[in-house]
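Close look at the chain arrangement
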Amino acid sequence: EYDNYAANAGASLTAVRANPPTFAPDLDAFEQTISEKTKVVIINSPNNPTGVIYSEEDIKGIAEVLEKKQQAYGKDIYILSDEPYRELVYTDKTVPYVTKYYNNTIVGYSFSKSLSLAGERIGYVVVPSEAADSKNILAATNVLTRTLGFVNSPALMQLVAADCIGITTDIGNYKTNRDELYHGLSSIGYECVEPEGAFYLFVKAPTEDDLEFSERAKSYQIALTPGRVFGAPGYFRLAYCTAHEKVKRSLPKFKELWESYR
């Protein structure tokens, strides 16, 4: 989806692939990608589709690269930190606040995930005063809420969200589903990235053609997203924000699907 957002702004998107099996940011590849044309870097942690949390070292590394590039090119480069899954964490790992490490950071947040309100587009944008052009950026966001009326939340939902500050959904339900799927698929033979956060499982397909695999999965009543959508062909994404019984029923089907490739 980032590709579409960039195109709507008259820009082009360059993806920096995170390498398996950890899918942590590849800082060398990242540094080589940044050019004098770079305006903004989009990061997403906890990550969709892998569930990986970018560590403090990862964020510091990204910030160091951008500080060096800003100085070299004599221009501001922003980080847009997309954080709808910030509260959905299954380990004791901390999700760093990017604004602590890089001044030119803008944060986008949504309550749709922390409150299990998928599809309810309500959240906020953080524009720190430390950002180089913070006043103009803040003014631009205010104008956008007026000109893009379709993104405005109903007044009632705004009041609901305000009353839910500090509250999160029962993460235990997601963790139960995660554990069932991760261990179940691993025992079958699938190679999985154990999610640290969010509610997705990113899995290596038993064939290099993840699109064909996704199509075949439909005949087993399994719906999944091909990895090439995320710039990672050969993988597929599962969402486990569903009833636990569905997760349990899916595992025998996943085994049948696996065996169809043996």
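What counts and what doesn't
- Residues numbered from 1 in each chain as written.
- Predicted model: local features only at pLDDT ≥ 70, side-chain atom pairs only at ≥ 80, totals over all residues.
- Heavy atoms only, no water.
- Patch = residues over 30% accessible without salt bridge, like charges linked within 9 Å, V, L, I, M, F, W, Y side chains within 5 Å.
- Areas by Shrake-Rupley, 256 points an atom, 1.4 Å probe, with all protein chains shown as cover.
- Salt bridge = Lys/Arg side-chain N within 4 Å of Asp/Glu carboxyl O.
- Helix = DSSP H or I, 4+ residues; strand = E, 2+ residues; numbered from the N terminus.
- Core = buried A, V, L, I, M, F, W, Y, C linked by side-chain atoms within 4.5 Å.
- Buried < 20%, exposed > 50% of the residue type's maximum accessible area, 1.4 Å probe, protein only.
- Contact = heavy atoms within 4.5 Å.
- Pairing = 2+ DSSP bridges.
- Axes fitted to C-alpha atoms, helices over the stretch in contact; angles between N-to-C directions.
- Phe/Tyr/Trp six-rings, centres within 6.5 Å; stacked < 30°, edge-to-face > 60°.
- Lys NZ or Arg CZ within 6 Å of the ring centre and 35° of its normal.
- Expected span 1.5 Å × (residues − 1).
- Parallel < 35°, antiparallel > 145°, perpendicular 65-115°, else oblique.
- Left-handed = near helix turned anticlockwise from the far one by under 90°.
- Polar contact = N/O pair within 3.5 Å; in protein donor to acceptor, adjacent residues only side chain to side chain.

**Thoughts on a nonpolar patch on the surface**
Together, Leu13, Val40, Ile42 and Leu80 make up a nonpolar patch on the protein surface, roughly 280 Å² of accessible area in all. As for its placement among the helices and strands, Leu13 is situated in the loop between helix H1 (2-8) and helix H2 (27-33).

**Some details on the nonpolar core**
Counting 30 residues, the largest nonpolar core has Leu181, Leu185, Tyr190, Leu201, Phe236 and Phe254 as the members making the most contacts within it. Within the residue set of this core, elements represented by two or more residues are helix H7 (171-188), strand E6 (200-204), helix H8 (210-218), strand E8 (235-239) and helix H9 (244-259). Ignoring sequence-local partners within four residues, the contact set of Leu201 consists of Pro49, Leu181, Tyr182, Leu185, Cys192, Val193, Pro195, Phe236, Arg237, Leu238 and Tyr240. Ranked by size, the runner-up nonpolar core spans 21 residues in total, among them Phe23, Val41, Ile77 and Val98.

**Some words on the sheet that holds strand E2 (residues 78-82)**
Spatially, E1-E2-E3-E4 is the arrangement adopted by the four strands of the open sheet, whose pairing is mixed. Of all strands in the sheet, those bounded by a partner on one side alone are strand E1 (40-44) and strand E4 (123-126). Shown here is a sheet whose adjacent strand axes are inclined to one another by a mean of 15°, direction ignored. With four bridges connecting them, E2 and strand E3 (residues 105-110) associate as parallel partners. Following the sheet pairing, Asp82 is matched in E3 by Gly108.

**A few points about the sheet that holds E8**
Read across the sheet, four strands follow the order E5-E6-E8-E7 without closing on themselves; strand pairing throughout is antiparallel. The open sheet has two edge strands with one neighbour each: strand E5 (191-193) and strand E7 (225-226).

**A closer look at the packing of aromatic side chains**
Aromatic ring pairs: the centre-centre distance and the angle between the two ring planes describe each pair. Across all of its chains, the model carries 16 aromatic pairs by this definition. On the numbers, 4.9 Å between centres and 20° between planes, the contact of Tyr109 with Tyr124 is stacked. With a gap of 15 residues between them, Tyr109 in strand E3 and Tyr124 in strand E4 connect regions that are remote in the sequence. Between Arg216 and the ring centre of Tyr261, over which it is positioned, the NZ or CZ distance is 3.9 Å. If you follow Arg262 out to its NZ or CZ, it ends over the ring of Trp258, 4.2 Å from the centre.

**Examining helix H3 (residues 56-73)**
In this model H3 runs 26 Å from its N-terminal to its C-terminal C-alpha over 18 residues, within 8% of the 26 Å that 1.5 Å per residue would give. The inward-facing, buried residues of H3 abut H2, E1 and E2. With its phi angle positive at about 65°, Gly74 sits one or two positions after the end of H3.

**Some points on the packing of H7 against H9**
In contact at an axis separation of 10 Å, H7 and H9 are set at 15° when each is read in the N-to-C sense. With respect to each other, H7 and H9 are oriented roughly parallel. The interaxial crossing formed by H7 with H9 has right-handed handedness. Two secondary-structure elements touch here, H7 through Thr176, Asn177, Glu180, Leu181, Gly184, Leu185 and Ile188 and H9 through His244, Val247, Lys248, Ser250, Leu251, Phe254, Lys255 and Trp258.

**A word on the pattern of salt bridges**
Using the criterion set out here, one finds 10 salt bridges in the structure. The shortest N-O distance in the salt bridge between Glu83 and Arg86 comes to 2.9 Å. Ionic pairing is found between Arg228 and Asp210, a salt bridge with its closest N-O pair at 3.3 Å. Of this pair, Arg228 sits in the loop between E7 and E8 while Asp210 sits in helix H8, and the two are 18 residues apart along the sequence. A single salt-bridge network, built from bridges that share partners, covers Lys175, Arg178, Asp179 and Glu194.

**Describing the side chain of Gln70**
Considering the arrangement of structural elements, one finds Gln70 in helix H3. Side-chain polar atoms of Gln70 contact the side chain of Tyr102, separated by 3.1 Å. With sequence-adjacent residues up to four places away left out, Gln70 is seen in contact with Lys75, Asp76, Ile77, Tyr102 and Asn104.

**Things to note about the environment of Thr33**
With respect to the helices and strands, Thr33 occurs in helix H2. Sequence spacing of Thr33 and Tyr5 is 28 residues, and the spatial spacing of their C-alpha atoms is 19 Å. When near neighbours in sequence (up to four residues on either side) are disregarded, Thr33 contacts Thr14, Val16 and Thr38.

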